[in-house]
Amino acid sequence: MAIRTQIPLVALDRQHRAMGSELNEAISGVISRCGFTLGPEVEAFEEEFASLCQARYAVGVGTGTDALHFALRACGIGPGDEVVTAVNTFAATAEAIVMAGARSVFVDIEEDTFLMDVSRLENAISPKTKAVIPVHLYGQPVAMDDLWAVAQKYNLKVVEDACQAHGATFSGHAVGGLGDAGCFSFYPSKNLGAMGDGGAVVTNSPEIAERVRLLRNHGENEERLHLEAGYCSRLHGLQAAILRAKLRHLTGWNSLRIEAAAQYGRALAASNVLTPIARSDVEHVYHLYVVRSNDRETIRQRLAEEGIGTGIHYAVPLHLEPAFSFLGYEKGDFPVAERQAGQILSLPMYPYLAKSEIEVIAGAIEKCAK
Ligand SMILES: *Cc1c(COP(=O)(O)O)cnc(C)c1O
């Protein structure tokens with residue numbers, strides 16, 4: 001008999017229900033005004049999102065992957081260049097480097113935070129290195145002060161992959177505006193999600209913002225002259241209107257995630273899993289709540305039997321993925337990430353995850369130890 005999922009890994013319906021009629025109003029507004037690709041809703045969203053990121057510009061694009069691709073190009077990255085990033089990120093980070101014509105170079109991660117081990121960054125730098133992409137994985141910002149020091153020393157561009165970290169802060173500063181460019185995805189399950197695909201590049205540089213505006217829309221400038229062969233990757237008016245409505249809830253929703261994480265931490269303190277650690281100088285916004293265990297498969301199976309959804313983000317470090325075998329890495333090159341790929345387990349995490357549900361999940365995990 002199939003077991004019904006009682007507590008899913010992701011539950012967008014809960015945030016939609018909490019918004020009442022706001023979503024329908026946002027959508028019908030766009031239908032009556034007919035601004036479907038770019039247009040006034042997109043411009044208004046760009047302004048509001050830039051303000052969340054404490055940055056001058058946000059440029060809406062079609063996906064988070066395109067945000068990374070266009071940001072790299074706008075930073076002057078191209079064929080012959082190397083771009084350094086963490087080995088345990090979502091494939092899109094490395095895909096964007098390929099799309100820009102450059103070569104991906106990976107760095108292993110820290111034991112405790114799952115983030116790029118910035119102390120190993122210098123070893124990955126060659127005369128061809130032109131940029132570094134810190135990935136604020138699971139919602140936690142990378143140690144940006146240490147990263148800046150290395151980037152400055154080697155004159156590297158810094159392009160943040162903030163696709164999992166909308167509203168997170170490092171030393172009180174919002175992610176996205178901490179480097180030359182910051183990239184966001186609005187894939188539905190992200191902390192700020194559209195009802196389809198979407199993305200944005202955030203920057204303080206007018207030149208980078210302008211170049212991304214060209215790239216997203218066929219290389220066309222305001223006089224409708226095509227300055228370069230660009231792409232068709234625009235943020236849509238319907239998505240922008242939905243994002244504007246959800247943006248008003250983002251800070252509250254992130255607080256609910258932080259509360260849920262604290263409750264998980266207490267409920268799992270005596271269990272056989274390691275709970276995630278947030279650094280003291282950041283606000284971690286818990287896009288994902290990832291625990292570690294040497295007995296992951298048993299726990300995963302047990303939770304499935306009790307109707308609790310789980311995930312693995314990500315099962316294969318990028319250097320071992322077929323798509324990136326051409327880079328020539330081997331098993332054993334990134335021991336921390338490789339070991340952790342066999343231990344990590346994402347538990348349900350979202351606004352309106354009930355305290356009682358967290359107790360049920362923690363109880364089920366506890367039973368595995370016995
Ligand atoms: C979601 C995500 C992306 C890309 O987002 P899409 O909108 O799916 O293109 C890039 N990097 C990370 C770390 C992500 O989680």
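Our structure's up above, just so we're on the same page.
Our subject in this report is the structure included herewith. In this text, all values refer to a predicted model and were calculated from it rather than measured experimentally. Throughout, residues of each chain are indexed from 1 in the direction in which the sequence is written. Side-chain atom pairs in this predicted model are given and counted only at pLDDT of 80 or more, local residue features only at pLDDT of at least 70, and totals for whole chains, interfaces and linings cover all residues. The basis for every side-chain value is the complete set of non-hydrogen atoms in the structure, without hydrogens or water.

1. Some points on the overall build of the chain
And then number 1: The secondary structure listing takes helices from DSSP runs of H or I that are at least 4 residues long and strands from runs of E that are at least 2 residues long, numbered from the N terminus. The number of helices and strands found in the chain is eleven helices and twelve strands.
And then number 2: A compact globule built from 370 residues would reach a C-alpha radius of gyration of about 21 Å, and the chain, at 21 Å, matches this within 12%.
And then number 3: The principal-axis extent of the C-alpha atoms belonging to the chain is close to 70 × 55 × 40 Å.
And then number 4: Each of the 370 residues in the chain was classed as buried or not, and the buried ones make up 56%.
And then number 5: Excluding contacts between residues fewer than 6 apart, the proportion of contacts in the chain whose partners are at least 24 apart in sequence is 72%.
And then number 6: Methods summary: accessible areas were calculated by the Shrake-Rupley approach with a probe of 1.4 Å, and residue burial reflects only the protein chains presented. Summed over all atoms, the accessible surface of the chain reaches about 15600 Å², with 51% contributed by carbon and sulfur.
And then number 7: Positive and negative charge centroids in the chain, built from 33 and 44 side chains respectively, lie 3 Å apart. Here the globule rule is a power law, 2.2 Å times the number of residues to the power 0.38, and the radius of gyration is based on C-alpha atoms. For the exposure calls, accessible area comes from a 1.4 Å probe over protein chains only, and a residue counts as buried if that area is under 20% of its type's maximum, exposed if over 50%, partly exposed in between. The contact definition used throughout considers only heavy atoms, calling two residues in contact when any of these lie within 4.5 Å. Counting rule applied: Lys, Arg positive; Asp, Glu negative; His and chain ends not counted. Where a charge sits is defined by one atom per residue type, namely NZ (Lys), CZ (Arg), CG (Asp) or CD (Glu).

2. A few points about the packing of aromatic side chains
And then number 1: Pairing of aromatic rings covers Phe, Tyr and Trp, the last through its six-membered ring, and needs centres within 6.5 Å; plane angles under 30 degrees mean stacked, over 60 mean edge-to-face, and all others mean tilted. Inspection of every chain in the model, using the stated rule, returns 13 aromatic pairs.
And then number 2: Centre to centre, the rings of F106 and F334 are 6.5 Å apart; their planes meet at 80°, and the pair counts as edge-to-face. With F106 in strand β3 (residues 103-107) and F334 in the loop between α9 (296-305) and α10 (335-341), the pair connects residues that are 228 residues apart, well separated along the chain.
And then number 3: The buried category is assigned to F334, whose relative accessible area is 6%.
And then number 4: When the centroid spacing of 6.3 Å and the interplanar angle of 80° are considered together, the rings of W148 and F170 count as edge-to-face. Separated by 22 residues along the polypeptide, W148 in helix α6 (residues 144-153) and F170 in strand β6 (residues 169-170) bring together distant segments of the chain.
And then number 5: Looking at W148, the relative accessible area reads 30%, which means it is partly exposed.
And then number 6: Judged by relative accessible area, F170 falls into the buried class, the value being 2%.
And then number 7: Taken together, the aromatic side chains of F45, F49, F184 and F186 make up a single cluster linked through ring pairs.

3. Thoughts on the side chain of T85
And then number 1: Inspection of the secondary structure assignment puts T85 in strand β2 (residues 82-86).
And then number 2: Two N or O atoms count as a polar contact when they lie within 3.5 Å, although within protein this holds only if one can serve as hydrogen donor and the other as acceptor, and sequence-adjacent residues are included solely when both atoms are side-chain atoms. Side-chain polar atoms of T85 contact the backbone oxygen of I133, separated by 2.8 Å.
And then number 3: Once you skip the residues sitting within four places of it in the chain, T85 turns out to touch T93, I97, V105, F106, V107, M116, I133 and V135.

4. Focus on the nonpolar core
And then number 1: Within this scheme, the nonpolar core is defined by two criteria: the residues are buried Ala, Val, Leu, Ile, Met, Phe, Trp, Tyr or Cys, and they are joined through side-chain atoms within 4.5 Å. F45, F49, L72, L121, L147 and F186 are the most contacted members of the largest nonpolar core, which totals 89 residues.
And then number 2: Broken down by element, this core gets its largest block of residues, six residues, from helix α4 (residues 64-74).
And then number 3: Every residue in contact with L72, bar those within four places of it in the chain, is listed here: I77, V83, A96, I97, A100, I133 and V159.
And then number 4: The next biggest cluster of nonpolar side chains, apart from the first, holds 25 residues, and it includes I7, I308, L345 and A364.

5. Remarks on the sheet that holds strand β5 (residues 157-161)
And then number 1: One requirement defines pairing of two strands: DSSP has to find at least two bridges between them. Spatially, β1-β9-β8-β5-β4-β2-β3 is the arrangement adopted by the seven strands of the open sheet, whose pairing is mixed. Unpaired on one side and paired on the other, β1 (57-61) and β3 mark the two borders of the sheet. Between one strand axis and the next, the sheet turns through 25° on average, direction left out of account.
And then number 2: The sheet contact formed by β5 and strand β8 (residues 181-185) spans three bridges and is parallel. In the sheet register, E160 faces β8, and the bridge partner there is G182.
And then number 3: In this description, a line fitted to the C-alpha atoms serves as the axis of each element, helices being fitted only across the stretch in contact, and the angle between N-to-C directions of two axes falls anywhere from 0 to 180 degrees. Contacting β1, β8 and β9 (199-203), helix α3 (residues 40-52) crosses the sheet at an angle of about 130° to β1.
And then number 4: Packed onto the sheet, helix α5 (residues 91-99) meets β2, β3, β4 (129-133) and β5 and runs at close to 145° relative to β3.

6. What about the sheet that holds strand β10 (residues 282-283)?
And then number 1: With antiparallel pairing, the three strands of this open sheet are ordered in space as β7-β6-β10. Looking at which strands have only one partner, the edges of the open sheet turn out to be β7 (173-174) and β10.
And then number 2: As defined by bridge partners, β6 adjoins β10 across two bridges and the pair is classed as antiparallel. Considered in β10, the bridge of F170 is made with V282.

7. Structural notes on the environment of P322
And then number 1: Of note, P322 is situated in the loop between α9 and α10.
And then number 2: A relative accessible area of 66% means that P322 is categorised as exposed.

8. Regarding the pairing of β2
And then number 1: Counting buried positions along β2 gives five out of five residues, so the element sits mostly inside the fold.
And then number 2: In the sheet, β2 pairs with β3 via five bridges, with the strands oriented parallel. Residue pairing in the sheet places V83 in a bridge with S104 of β3.
And then number 3: Orient the strands so they point away from the viewer, and a crossover whose first-strand-to-second-strand path over the helix runs clockwise is right-handed. Following the chain from β2 across α5 to the adjacent parallel β3, one finds a crossover that is right-handed.
And then number 4: With four bridges joining them, β2 and β4 adopt parallel strand pairing. Bridge pairing in β4 places V84 opposite V132.

9. With respect to the site of the ligand
And then number 1: We call a residue near a given molecule or strand whenever any one of its heavy atoms falls within 4 Å of it. Inspection of the region around the ligand gives 15 residues, with T65, D161, Q164, S185 and K190 positioned closest.
And then number 2: Contact distances for the ligand include 2.5 Å between an oxygen atom and a side-chain N or O atom of T65.
And then number 3: Interatomic distance of 2.7 Å between a side-chain N/O atom of K190 and an oxygen atom of the ligand.
And then number 4: About the coverage of the ligand: the protein hides 92% of its 390 Å² of free accessible area.
And then number 5: Those elements that place two or more of their residues in the shell around the ligand are α4 and α5.
And then number 6: Residues are grouped as follows: Ala, Val, Leu, Ile, Met, Phe, Trp, Tyr, Cys and Pro are nonpolar; Asp, Glu, Lys and Arg are charged; all remaining types, including Gly, are polar. Residues belonging to the shell around the ligand are distributed by class as follows: six nonpolar, seven polar and two charged.

From the geometry alone we can't say anything about function, so treat these as descriptive.
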